[in-house]
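Working through the structure, step by step
Residue-level listing of the chains:
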Amino acid sequence: MSMTVSGAEVAGEPVTYWAVYDDGSTGRIVVTTGEEPVLGKPGRLVSEEEYAERLAELEAERERKRAERAAADEERTRTDYLALRAAGVPEDTARRMSGYTGPAIDPDES
């Protein structure tokens, strides 16, 4: 949807620019002014290919962190499950309380 403002110049064709900022984030900027955009924070304009490479790096980092969190969560639920079982809590209840979904573990053998 476009809007006309009295006295305003008609916008040109949209042009896309890509940016990588000094903090490591990225930006996709579409302008219709016919002028190169001014970045709102320190960084630089890059090619679409460099932008795509940086996005892939950011996605890989997000996936690595997600896997680390999942492993930490799994270890925490296992530890809680074993503590509950060692305290005599029945297996089904220990699973519900801890969130543990792995195989049954005898707390005396862990």
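These lines cover the structure that appears in this document, whether it is placed above or below. (Residues numbered from 1 in each chain as written. Predicted model: local features only at pLDDT ≥ 70, side-chain atom pairs only at ≥ 80, totals over all residues. Heavy atoms only, no water.)

**Things to note about the overall build of the chain**
Each helix and strand counted, the chain has 2 helices and 3 strands in total. The N-to-C order of helical and strand elements in the chain reads β-β-β-α-α. Counting only residues that meet the buried cut, the chain has 20% of its 110 residues in that class. Sequence-distant contacts, at least 24 apart, represent 26% of the contacts inside the chain between residues at least 6 apart. Split by element, the accessible area of the chain, about 8,400 Å² in all, is 51% carbon and sulfur. (Helix = DSSP H or I, 4+ residues; strand = E, 2+ residues; numbered from the N terminus. Buried < 20%, exposed > 50% of the residue type's maximum accessible area, 1.4 Å probe, protein only. Contact = heavy atoms within 4.5 Å. Areas by Shrake-Rupley, 256 points an atom, 1.4 Å probe, with all protein chains shown as cover.)

**With respect to the nonpolar core**
If you look at the biggest cluster of nonpolar residues, it comprises 7 residues: Y81, L82, L84, V89, A94, Y100 and I105. Residue contributions to this core peak at 3 residues, all from helix α1 (residues 48–86). Every residue in contact with V89, bar those within four places of it in the chain, is listed here: L84, A94 and M97. (Core = buried A, V, L, I, M, F, W, Y, C linked by side-chain atoms within 4.5 Å.)

**Some words on the sheet that holds strand β3 (residues 43–46)**
Sheets are built from strands that pair by backbone hydrogen bonding, the pairs being arranged parallel or antiparallel. Strand order in the open sheet formed by 3 strands is β2-β1-β3, and the pairing between neighbours is antiparallel. Only two strands of the sheet have a single neighbouring strand rather than two, namely β2 (26–31) and β3. Ignoring strand direction, the axes of neighbouring strands in this sheet form an average angle of 35°. As defined by bridge partners, strand β1 (residues 15–21) adjoins β2 across 6 bridges and the pair is classed as antiparallel. In the sheet register, A19 faces β2, and the bridge partner there is G27. This element, α1, spans β1, β2 and β3 of the sheet and lies at about 140° to β2. (Pairing = 2+ DSSP bridges. Axes fitted to C-alpha atoms, helices over the stretch in contact; angles between N-to-C directions.)

**Notes on α1**
In a regular helix each residue adds 1.5 Å, so 39 residues correspond to 57 Å; α1 covers 57 Å between its end C-alpha atoms and thus fits that length. Listed in full, the buried residues belonging to α1 are Y51, T77, Y81, L82 and L84. Looking at the buried side of α1, the elements it contacts are β1, β2, β3 and α2 (91–98). Positive phi shows up at G88, right after α1, with a value of about 95°. (Expected span 1.5 Å × (residues − 1).)

**Considerations on α2**
Among the residues of α2, those classed as buried are A94, R95 and S98. Down the axis of α2, the smallest arc covering the buried residues is 100°, so these residues share one side. For α2, the exposed residues set more than 90 degrees away from the buried face come down to D92, R96 and M97. Contacts from the buried residues of α2 go to α1. (Arc of directions from axis to C-beta.)

**A closer look at the packing of α1 against α2**
With their axes 9 Å apart at the nearest point, α1 and α2 run at an angle of 145° to one another. Judged by the twist between their axes, the crossing of α1 over α2 is right-handed. Residues R76, T77, D80, Y81, L84 and R85 of α1 touch α2, and the partners they reach there are E91, A94, R95, M97 and S98. Taken together, the residues that form the contact of α1 with α2 break down as 4 nonpolar, 2 polar and 5 charged. (Left-handed = near helix turned anticlockwise from the far one by under 90°. Nonpolar A, V, L, I, M, F, W, Y, C, P; charged D, E, K, R; others polar.)

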